[in-house]
Amino acid sequence: MDDRHVGVFGARSLVGECLLPVLLDAGWKVTALSRQSMVSNRPGLEWRQWPADGMDVDCSIGQWISLLPIWILPEYFPLLERYGAQRVVALSSTSRFVKVASSEPWEREQATLLADGEENFQAWAESTGKQWLVFRPTLVYGLGRDKNISEMARFIRRFGFFPLFAGGRGLRQPIHAGDVAKVCAAAVGNVSASNRAYDISGADMLTYRDMVVEVFRGLGRRPMLVPVPLWSARLALSLVRLHPRYRHWSVAMLERMGQDLVFDHAQAAQDFAFQPKGFVLAAEDVPA
């Protein structure tokens, strides 16, 4: 078994796009699994098409990183066992805590899926003698592909303003997808820390309002924030949701603008030298 060979599920995701070059630059041989046929133009990277049914396993890969929704990962436990996986790093989300008491049933269901996914992953790893790690990032952004900051930017670009509920007082710690990728890469080869979950967050703690202001600045626009009282949230939301892109916006999302969603990443910093950057939007982080 090649100790510098790592398999990656979800390699075409936002974090995956950041992760592959980090692994390759660190000298890892990477086998990336994708639903679509892909061709590698970089030495050390092999793409394999999946799902797993009928996939030939012609080598042993002991180290794995899963960027899939963690509740989907159990479908691939048999494949991991066929590859001889010894250590698996998986992504979850702090949403398992944030959304557990949401006023929206579908958000509570998402929190349950995350919690159950983590528990199933841990139980499988422990029953098969594998090392496991879970990282729970906070609000992930980057490369204009995320569903958080990029959606704000698109809204601002289209309408020229951004609605602010509850004064936007809630604290946030946005984390760049590149920092999520770096800690995953650091963890896959660090066997001194195993069998636990870590919350990871960005370096800056800022209010939701200040976060929106930074998005305006990243777009080169003068901030235009429109305060909307929560009592009128449903009416305002019904108007916003007329646009297909914002159909998924919910009252719970608006309520959270006034809530602190803060998670300590000190343990990840200690175990993996995790040093996330502050919240600054680079040109490539703003959707075209």
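A short tour of the structure in this document, coming up.

So, how was this worked out
- Residues numbered from 1 in each chain as written.
- Predicted model: local features only at pLDDT ≥ 70, side-chain atom pairs only at ≥ 80, totals over all residues.
- Heavy atoms only, no water.
- Phe/Tyr/Trp six-rings, centres within 6.5 Å; stacked < 30°, edge-to-face > 60°.
- Helix = DSSP H or I, 4+ residues; strand = E, 2+ residues; numbered from the N terminus.
- Buried < 20%, exposed > 50% of the residue type's maximum accessible area, 1.4 Å probe, protein only.
- Lys NZ or Arg CZ within 6 Å of the ring centre and 35° of its normal.
- 1 Å grid on protein atoms, 1.4 Å probe; cavity = no way out; pocket = protein on both sides within 12 Å on 5 of 7 lines; lining within 4 Å.
- Points joined across faces, edges and corners; volume = space filled by probe spheres on them.
- Nonpolar A, V, L, I, M, F, W, Y, C, P; charged D, E, K, R; others polar.

**Points about the packing of aromatic side chains**
Okay, so step 1: Scanning all chains against the criterion turns up 15 aromatic pairs.
Okay, so step 2: Summarising the aromatic geometry, the rings of Phe-9 and Trp-64 are spaced 4.9 Å apart at their centres and angled 25° between planes, so their arrangement reads as stacked. Taken together, the residues span a long stretch of sequence, with Phe-9 in strand E1 (residues 5-9) and Trp-64 in strand E4 (residues 63-66) at a distance of 55 residues.
Okay, so step 3: With relative accessibility at 1%, the residue Phe-9 sits in the buried group.
Okay, so step 4: By relative accessible area, Trp-64 is classed as buried at 0%.
Okay, so step 5: Taken together, the ring pairs in this structure connect Phe-9, Trp-64, Tyr-76 and Tyr-83 into an aromatic cluster.
Okay, so step 6: Over the face of the ring belonging to Trp-28 we find Arg-4, whose NZ or CZ atom lies 4.1 Å from the ring centre.
Okay, so step 7: For the cation-ring pair, Arg-196 lies above Tyr-198, with the distance from its terminal atom to the ring centre recorded as 4.5 Å.

**With respect to the layout of surface pockets**
Okay, so step 1: Taken as a whole, the largest pocket holds about 1,600 Å³ of empty space.
Okay, so step 2: Lining of the largest pocket is provided by 42 residues; of these, Ser-95, Lys-99, Gln-110, Lys-147 and Asn-148 occupy positions nearest its centre.
Okay, so step 3: Those elements that place two or more of their residues in the lining of the largest pocket are helix H1 (14-25), helix H3 (95-98), helix H4 (105-128), helix H5 (149-159) and helix H9 (251-255).
Okay, so step 4: Space inside the second largest pocket adds up to approximately 240 Å³.
Okay, so step 5: Together, 13 residues line the second largest pocket, and Gly-10, Arg-12, Arg-35, Trp-50 and Leu-68 are the ones closest to its centre.
Okay, so step 6: Split by residue class, the lining of the second largest pocket holds seven nonpolar, four polar and two charged.

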